[in-house]
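What follows is the residue order along each chain.
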Amino acid sequence: MSRIGKQPVALPEKVKAAVSGNKVSVEGPLGKLERAVSAEIQVGLDEAQRRIVLTRSSDAKTVRMLHGLERTLVNNMVVGVTKGYRKDLEVVGVGYNVRVDGSVLAIELGFAEAAKFTVPAGIKVEVQQQTNPGKLSISGCSKEAVGQFAALVRSVKPPEPYQGKGIKYADEVIRRKAGKAFVGAGG
């Protein structure tokens, strides 16, 4: 049996969960999330012990793989509505600028126009520092939505290995390359 899948998902005091068929909805202080679980996985809500239990219908290889995955996704929902998720980004480069205008994130990266992103519902973007290095944080209750929006922002100008300029995650380490060395005149 799956080591991860057989573990129940504990529900904290301030979290309400509901299961109807293969749909799981979780509501907490930071928001409400809903997810449809695969048909091969059965979801049960144990209200007495405040936990969600996932069981699988068969021992087929694909069902065994889904068992641990679905349990982890449900656990991520519970963590998201209680603690939330956050990705910190840094915009490194001279003249690069970050700002939020209402629900639009604008990043100036040396292109002719600023890269503009509409912030999705349920996502919050905060700018700690506007200029070099620009620092911003993307937070929300859905791990998938936070990660996807952070990856979209980073994809506009990923960091380059020579000078390290671009958009990078705060905890990301850029392997730097040595540029061409100046040998000297005469040759």
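Refer to the preceding data block for the structure.
Structural notes, computed from the coordinates.

A word on the sheet that holds strand β4 (residues 31-36)
In step 1: Here we have three strands laid out as an open sheet, ordered β2-β3-β4, and antiparallel in their pairing. Sheet topology places β2 (16-20) and β4 at the edges, where each strand pairs with a single neighbour. Direction aside, the axes of adjacent strands within the sheet are offset by 10° on average.
In step 2: Across five bridges, β2 lies against strand β3 (residues 23-28) in antiparallel orientation. Bridged to A17 within β3 is V26.
In step 3: Of the strands in this sheet, β3 and β4 touch helix α1 (residues 61-82), which is tilted by about 170° from β4.

Things to note about the sheet that holds strand β7 (residues 85-92)
In step 1: One open sheet accounts for four strands, arranged β11-β12-β7-β13; its pairing is antiparallel. Here the strands that pair on one side only, and so sit at the sheet edges, are β11 (123-129) and β13 (166-169). The sheet shows a mean angle of 25° between the axes of neighbouring strands, taken without regard to direction.
In step 2: Bridge count for β11 against strand β12 (residues 134-140) is six bridges, and the pairing is antiparallel. The residue bridging V125 from the neighbouring strand is I138, located in β12.

Comments concerning α1
In step 1: Compared with the 32 Å implied by 1.5 Å per residue over 22 residues, the 33 Å span of α1 between its first and last C-alpha is a close match.
In step 2: Those residues of α1 lying buried are V63, H67, G68, E70, R71, V74, N76, M77, V78, G80, V81 and T82.
In step 3: In the stretch just after α1, G84 is the one whose phi turns positive, near 85°.

Observations regarding the pairing of β13
In step 1: Every second residue of β13 is oriented toward a common face, with G166 and K168 on one face and I167 and Y169 on the other, all of them buried.
In step 2: Pairing geometry for β7 and β13, over four bridges, is antiparallel. By the bridge assignment, L89 is partnered in β13 with Y169.

Some thoughts on the packing of aromatic side chains
In step 1: In the structure shown here, the tally under the stated rule is one aromatic pair.
In step 2: Taking the centre distance of 6.3 Å and the plane angle of 85° together, the rings of F117 and F149 count as edge-to-face. Of this pair, F117 sits in strand β10 (residues 115-118) while F149 sits in helix α2 (residues 143-154), and the two are 32 residues apart along the sequence.
In step 3: Take F149: its relative accessible area is 4%, and that puts it in the buried class.
In step 4: One cation-aromatic arrangement involves K87 over Y169; the distance from NZ or CZ to the ring centre is 5.2 Å.

Considerations on the environment of A17
In step 1: The topology assignment puts A17 in strand β2.
In step 2: Taking the C-alpha atoms as reference points, A17 and K157, 140 residues apart in sequence, are found 40 Å from one another.
In step 3: Apart from the residues within four sequence positions on either side, A17 is in contact with L11, S25, V26, L45 and I52.

Concerning the pattern of salt bridges
In step 1: The full count for this structure, using the stated rule, is ten salt bridges.
In step 2: The partner of R35 in a salt bridge is E70, with the nearest N and O atoms 3.6 Å apart. Of the two residues, R35 is situated in strand β4 and E70 in helix α1; the sequence distance between them amounts to 35 residues.
In step 3: Its relative accessible area of 26% is what places R35 among the partly exposed residues.
In step 4: The exposure class of E70 is buried, given its relative accessible area of 3%.
In step 5: Of the charged contacts, one joins K124 and E126 as a salt bridge, the two residues approaching to 3.2 Å between their closest N and O atoms.

About the thresholds
- Residues numbered from 1 in each chain as written.
- Predicted model: local features only at pLDDT ≥ 70, side-chain atom pairs only at ≥ 80, totals over all residues.
- Heavy atoms only, no water.
- Pairing = 2+ DSSP bridges.
- Helix = DSSP H or I, 4+ residues; strand = E, 2+ residues; numbered from the N terminus.
- Axes fitted to C-alpha atoms, helices over the stretch in contact; angles between N-to-C directions.
- Contact = heavy atoms within 4.5 Å.
- Expected span 1.5 Å × (residues − 1).
- Buried < 20%, exposed > 50% of the residue type's maximum accessible area, 1.4 Å probe, protein only.
- Phe/Tyr/Trp six-rings, centres within 6.5 Å; stacked < 30°, edge-to-face > 60°.
- Lys NZ or Arg CZ within 6 Å of the ring centre and 35° of its normal.
- Salt bridge = Lys/Arg side-chain N within 4 Å of Asp/Glu carboxyl O.

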